[in-house]
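What follows is the residue order along each chain.
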Amino acid sequence: MGNLIRIELFKIFSKGRTYIGFAAIALIVVTIQIGIYFEGREILDFAIQHLKENFVFEGNLINAYLITHIILNSLFIHIPFLIALVTGDLLAGEANSGTFRLLLTRPVSRTKLLTSKFISGWIYTMSLLIFMLILSLGVGLAIFGTGDLIVLKSTINIFSSDDVLWRFASAYGFGIITMTAVAALSFMLSAFSDNSIGPIIGTVAIIIGITVISTIGFTLMEPVNPYLFTNYLTSWKLFFEHDINTVELTRAIIVELTYIVVFLGTTFVYFNRKDILS
Amino acid sequence: MRNKHRYNYIVLAAIILIQIFAGTSAAYSGNNPKDLLDKFRDHMLQVHDYKAKVNIRVDVDFINIKDRKAVVFFEQPDKFEFSAGGFALLPRKGMEMEYLELLQTDYSAINAGTKTIDSVQTQMVKVIPNNDSLDIVLAKMYLNPETHLLHRMKTFTKESGSYTINFSYAGHPYDLPDQLEIIFDVKNQKLPVSLTGDMKSIGKEIKESKKRARVIIDYSEYVVNRKKD
Amino acid sequence: MNREKYIELRQVTKTYGNITAVDDFSLNVYEGDIYGFLGPNGAGKSTCIRMMLSLVRPSSGYINMFGYDIRTHKNKVLRNIGALIERPDFYDYLPARKNLEILSRISKIKNPDKKISELLELVGLSERADSKVKTYSQGMKQRLGIAQSLLHDPKLIILDEPANGLDPQGQKEIRELIKTINRDKGITVLLSSHILSEIEEIANRMVIINKGRSEVEGDVNELLNQGDMVVTFEVREVEKALSLIRQTSWANKLENNQKTGEIILKIERNEIPQITHYLSHNEVDVYGIKPVRSLENYFLKITQHG
């Protein structure tokens with residue numbers, strides 16, 4: 001299995017498209033950092049201008065933690081696309097290039113092959129997230145230093161700097177679960193398709209589509225929403241509350257894990273029976 | 001003769017005005033309000049400067065922040081500094097002994113009844129500055145006639161709305177408060193989604209509204225008049 | 001014949017929806033064979049091959065490879081087979097050598113570097129081994145395809161139209177390569193093709209598949225040379241020639257689809273000189289004789305109709 005995973009990782013990291021994700025993240029992160037470097041104070045002042053009428057402030061709010069949080073906010077929308085770019089290609093890419101005929105005529109079970117492919121795709125997903133964390137936090141620390149974290153939502157939450165790192169760790173941990181669900185979805189679509197455009201577009205369309213429907217058709221969708229995996233893509237934000245809603249968090253984790261099992265189960269059952277005609 | 005008449009009219013009019021302003025039959029306790037205020041002012045003026053540790057608790061329903069520790073420094077008349085080591089927010093009004101500025105200018109004072117605050121019987125005095133350049137237009141001050149200490153002050157300003165400060169004392173030599181509770185209104189602000197990334201708030205109306213803010217400041221380890229000495 | 005049976009397909013059927021791709025098909029490949037799997041395009045050859053390699057599941061029937069049921073002993077079977085199916089596709093963003101490395105690691109080959117160099121030498125790609133496959137010509141890819149099929153020293157290689165898309169020289173090279181592999185390495189070859197001459201040149205046994213059904217299976221020479229031949233005599237005076245033939249016992253051997261300038265007879269090989277002599281003796285000049293063996297004739301027909 002380790003052998004197969006190494007081979008799959010080698011294939012993933014030999015492809016140009018794999019680096020699109022890293023390049024896109026680097027571009028967005030650096031852009032945000034530059035933007036905040038020059039205009040962060042102005043934006044923050046705008047955000048809390050009403051408070052300034054009644055309060056005086058002290059402390060460095062433009063810091064690495066703020067940046068890491070902003071990047072989490074803006075990037076978690078894009079990351080599924082970057083994940084699908086690679087995981088959607090894992091099976092469909094082999095079908096499209098005809099290389100399944102090379103792989104599946106070797107003495108290796110399809111289950112093993114699928115497992116190693118998914119693990120490799122998952123490792124890629126992790127490396128994207130870790131890359132994003134290192135870049136946003138690491139470069140942020142170098143340029144902006146630490147400080148307390150201000151989280152602007154419908155409310156304003158402020159966390160002291162020694163109360164922040166575990167929140168990021170937990171948010172990323174939760175992000176790993178949701179992004180694994182995204183990877184599993186695009187992996188499943190990849191098994192259904194013989195070209196990789198389908199699963200990539202399909203993954204993004206499903207996520208955006210369901211999100212839009214559950215936002216717009218709110219009253220109609222309300223009973224269904226708690227069971228949709230897309231509903232929890234932003235639930236990492238739960239960690240940026242002083243009182244963490246553990247009920248909601250537990251439900252989010254259970255729903256995401258259930259979807260991962262369903263997506264992967266479907267993939268394995270379907271692909272093990274699939275006629276390779278490509 | 002005519003002048004004396006006019007003088008009487010003015011006095012009468014002033015009395016009527018004061019009565020109307022006081023709004024009640026003004027249970028006049030007998031103390032001259034200015035005496036009480038002067039005693040309080042003179043007592044507090046002994047504090048030329050102070051430094052203290054504070055614990056800041058901000059209680060506004062749209063701001064979530066845990067208690068913060070800071071060190072504050074105040075020097076007469078209006079030098080105020082604080083450092084928190086991290087982020088902290090303090091109310092713009094209420095921590096700079098604003099009453100001293102008011103009580104050191106020309107003002108009118110009217111007794112306006114009594115009120116029991118935390119089992120202390122206080123005398124309420126309405127203070128109206130005669131100097132137009134002050135931001136304060138009216139202050140209702142609740143003082144303990146026995147100790148001459150201020151227990152509550154409700155201030156109305158031209159520019160910054162109104163705010164109320166409740167003072168608690170724990171027998172500090174200079175009678176500096178060990179706790180301030182500062183209450184004022186803040187505007188809730190609707191933040192654009194582009195700033196918050198809060199997708200779930202899309203389509204939900206957040207009305208800009210006035211919210212009550214309550215900031216409780218606990219003082220400890222006062223160092224008084226260190227600079228003066 | 002006491003050679004081991006390597007492949008046995010018995011009454012295999014494969015349907016996709018309501019399309020029957022393979023219908024009650026059977027074939028037998030023995031150790032040492034170069035086995036020709038002949039059929040027009042779309043006859044079901046690739047589907048059969050995919051079923052032998054467990055890429056496609058048969059709807060019904062029985063597939064036995066090296067004495068094992070493919071459904072229950074897939075990996076055991078695949079360990080002994082090398083395959084090149086249809087197009088020789090590779091990870092074209094990687095060099096040839098890297099492709100072979102990956103495949104040899106999947107097959108868990110010991111000492112792969114030596115084996116890879118050996119095979120690249122065999123198929124004549126040593127010099128281009130480190131170029132990306134996307135830069136390869138079709139012929140080079142075909143040869144790389146054959147190389148990868150030999151990586152794990154299989155007992156049997158299955159080559160699906162390996163000469164497809166090659167120029168005559170390239171086709172010849174591939175045929176020579178297959179012969180070498182069979183002769184020198186003792187590897188059994190199943191070779192699919194839609195060209196009879198290709199099969200005839202290198203195969204010892206064959207099956208013809210048409211519309212998913214096996215039409216005929218056996219020794220290539222026996223199959224091709226049995227029975228009458230269809231012989232076309234090219235003459236100027238067709239009417240005269242026809243009337244001459246009709247006066248003889250050959251009259252009932254005339255084929256129905258006569259063309260202008262030709263008469264076509266279904267006769268035995270030794271009758272060709274007799275007829276030629278008879279016609280020229282009766283002052284009908286014979287300009288050309290085109291003998292076609294009946295199996296060949298049949299195959300031409302199904303190819304044209306297919």
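Residues numbered from 1 in each chain as written. Chains lettered and ligands numbered in written order. Predicted model: local features only at pLDDT ≥ 70, side-chain atom pairs only at ≥ 80, totals over all residues. Heavy atoms only, no water.

### Concerning the interface of chain C and chain A
And then number 1: Contact with chain C, which involves 31 residues of that partner, is made by 30 residues of chain A.
And then number 2: Both sides together, the interface formed by chain C and chain A hides about 2800 Å², and carbon and sulfur atoms give 56% of it.
And then number 3: In terms of surface lost to chain A, no three residues of chain C exceed L55(C), Y91(C) and I106(C), which account for 23% of the buried area on that side.
And then number 4: Counting across the chain C and chain A interface gives two salt bridges.
And then number 5: One salt bridge connects D89(C) with R101(A), and the closest N-O pair in it is separated by 2.9 Å.
And then number 6: Remark: the boundary between chain C and chain A carries 16 residue pairs in polar contact (both at pLDDT 80 or more).
And then number 7: Breaking the side of chain C that touches chain A down by element, the ones donating at least two residues are β1 (5–16), α2 (74–78) and α3 (96–106) of chain C. (Contact = heavy atoms within 4.5 Å. Buried area = accessible area lost by both parts, 1.4 Å probe. Salt bridge = Lys/Arg side-chain N within 4 Å of Asp/Glu carboxyl O. Polar contact = N/O pair within 3.5 Å; in protein donor to acceptor, adjacent residues only side chain to side chain. Helix = DSSP H or I, 4+ residues; strand = E, 2+ residues; numbered from the N terminus.)

### Overview of the pattern of salt bridges
And then number 1: Counted according to the given criterion, the structure contains 42 salt bridges over all chains.
And then number 2: Linking R214(B) and D59(B) is a salt bridge whose minimum nitrogen-to-oxygen distance equals 2.9 Å. With R214(B) in strand β12 (residues 210–224) and D59(B) in strand β1 (residues 49–59), this residue pair connects regions lying 155 residues apart in the sequence.
And then number 3: Look at D59(B) and you get partly exposed, because its relative accessible area is 37%.
And then number 4: Residues K253(C) and E271(C) are paired through a salt bridge, measuring 3.5 Å at the closest nitrogen-oxygen approach. Of this pair, K253(C) sits in the loop between α9 (238–246) and β12 (262–267) while E271(C) is found in helix α10 (residues 271–281), placing the two residues 18 residues apart along the sequence. (Buried < 20%, exposed > 50% of the residue type's maximum accessible area, 1.4 Å probe, protein only.)

### Some words on the sheet that holds β12(C)
All names here are of chain C.
And then number 1: Ordered by their spatial adjacency, three strands build an open sheet running β12-β11-β13, and the pairing between neighbours is antiparallel. At either end of the open sheet lies a strand with only one pairing partner, and these are β12 and β13 (286–293). Ignoring strand direction, the axes of neighbouring strands in this sheet form an average angle of 20 degrees.
And then number 2: In terms of strand pairing, strand β11 (residues 229–235) meets β13 through seven bridges, oriented antiparallel. Bridge pairing in β13 places M229 opposite R293.
And then number 3: Each of β11 and β12 touches α9; the most contacted strand, β12, lies at about 25 degrees to it. (Pairing = 2+ DSSP bridges. Axes fitted to C-alpha atoms, helices over the stretch in contact; angles between N-to-C directions.)

### Here we look at the interface of chain A and chain B
Interface size, as often reported, equals the accessible area lost upon joining of the parts.
And then number 1: Facing 35 residues of chain A, the contacting portion of chain B comprises 38 residues.
And then number 2: Buried surface at the junction of chain A and chain B, both sides included, amounts to about 3300 Å², of which 57% is carbon and sulfur.
And then number 3: A salt bridge links D148(A) to R68(B), with the nearest nitrogen and oxygen atoms 2.4 Å apart.
And then number 4: Within the residue set of the side of chain A that touches chain B, elements represented by two or more residues are α2 (16–47), α3 (49–54), β1 (55–58) and β3 (156–159) of chain A.

### Details of the nonpolar core
As a rule of thumb, soluble globular proteins bury nonpolar side chains together.
And then number 1: Y50(B) and M141(B) are the most contacted members of the largest nonpolar core, which has 176 residues in total.
And then number 2: Among the elements that take part in this core, helix α9 (residues 165–192) of chain A stands out by supplying 14 residues, more than any other.
And then number 3: Once residues within four sequence positions are removed from consideration, Y50(B) is found in contact with V72(B), F73(B), F74(B), M95(B), M97(B), L176(B), Y219(B), Y222(B), V223(B) and V224(B).
And then number 4: In this structure, L102(A), L84(C), I109(C) and I181(C) belong to the second largest nonpolar core, which totals 45 residues. (Core = buried A, V, L, I, M, F, W, Y, C linked by side-chain atoms within 4.5 Å.)

### Side note on the domain arrangement of chain C
Residue and element names in this part refer to chain C.
And then number 1: Taken domain by domain, chain C holds domain 1 (5–224) and domain 2 (227–305).
And then number 2: Centre-to-centre, using C-alpha coordinates, domain 1 lies 39 Å away from domain 2.
And then number 3: With 13 residues of domain 1 at the interface, the matching set in domain 2 holds seven residues.
And then number 4: Area buried by domain 1 at its contact with domain 2 is led by P40, L196 and L224, which between them contribute 45% of it.
And then number 5: Taken together, the connections running from domain 1 to domain 2 amount to one salt bridge.
And then number 6: R293 is the partner of E200 in a salt bridge, and the nearest nitrogen-oxygen pair spans 2.5 Å.
And then number 7: Summed over the shared surface of domain 1 and domain 2, the result is two residue pairs in polar contact (both at pLDDT 80 or more).
And then number 8: Going through the elements one at a time, α7 (196–202), β9 (205–210), β10 (213–219) and α8 (220–225) are the ones with two or more residues in the side of domain 1 that touches domain 2. (Domains from an automatic or database assignment.)

### Side note on the packing of aromatic side chains
And then number 1: Per the counting criterion, the structure on display carries 31 aromatic pairs over all chains.
And then number 2: Aromatic side chains F55(A) and F184(B) sit 5.3 Å apart centroid to centroid with 65 degrees between the ring planes, which places their arrangement in the edge-to-face category. One end of the pair, F55(A), is in strand β1; the other, F184(B), is in strand β11 (residues 179–187), on a second chain. Neither F55(A) nor F184(B) differs from the other in exposure class; each is buried.
And then number 3: Here Y50(B) and F74(B) contribute two aromatic rings whose centre-to-centre distance is 5.8 Å and whose plane-to-plane angle is 40 degrees, an arrangement assigned as tilted. One end of the pair, Y50(B), is in strand β1; the other, F74(B), is in strand β3 (residues 68–75), and 24 residues separate them in sequence.
And then number 4: Since its relative accessible area comes to 3%, Y50(B) is described here as buried.
And then number 5: Through a chain of ring-to-ring contacts, three or more aromatic side chains come together here, namely F13(A), Y19(A), F22(A), Y124(A) and F131(A).
And then number 6: Looking at K34(B), its charged tip hangs above the ring of Y107(B), at a distance of 4.5 Å from the centre.
And then number 7: Over the face of the ring belonging to Y142(B) we find R152(B), whose NZ or CZ atom lies 5.7 Å from the ring centre. (Phe/Tyr/Trp six-rings, centres within 6.5 Å; stacked < 30°, edge-to-face > 60°. Lys NZ or Arg CZ within 6 Å of the ring centre and 35° of its normal.)

### Points about helix α6 (residues 168–185) of chain C
Residue and element names in this part refer to chain C.
And then number 1: Taking 1.5 Å per residue, 18 residues should reach 26 Å; α6 reaches 25 Å between its end C-alpha atoms and fits that length.
And then number 2: G170, I174, R175, L177, I178, I181 and N182 are the residues of α6 that are buried. End-on, the buried residues of α6 take up no more than an arc of 155 degrees, which puts them together on one face. For α6, exposure combined with an orientation more than 90 degrees from the buried face picks out P168, R183 and D184.
And then number 3: Contacts from the buried residues of α6 go to β3 (34–38), α4 (112–122), α5 (138–149), β7 (156–160), β8 (188–193) and α7.
And then number 4: One or two steps after α6, the chain reaches G186, where phi turns positive at roughly 65 degrees. (Expected span 1.5 Å × (residues − 1). Arc of directions from axis to C-beta.)

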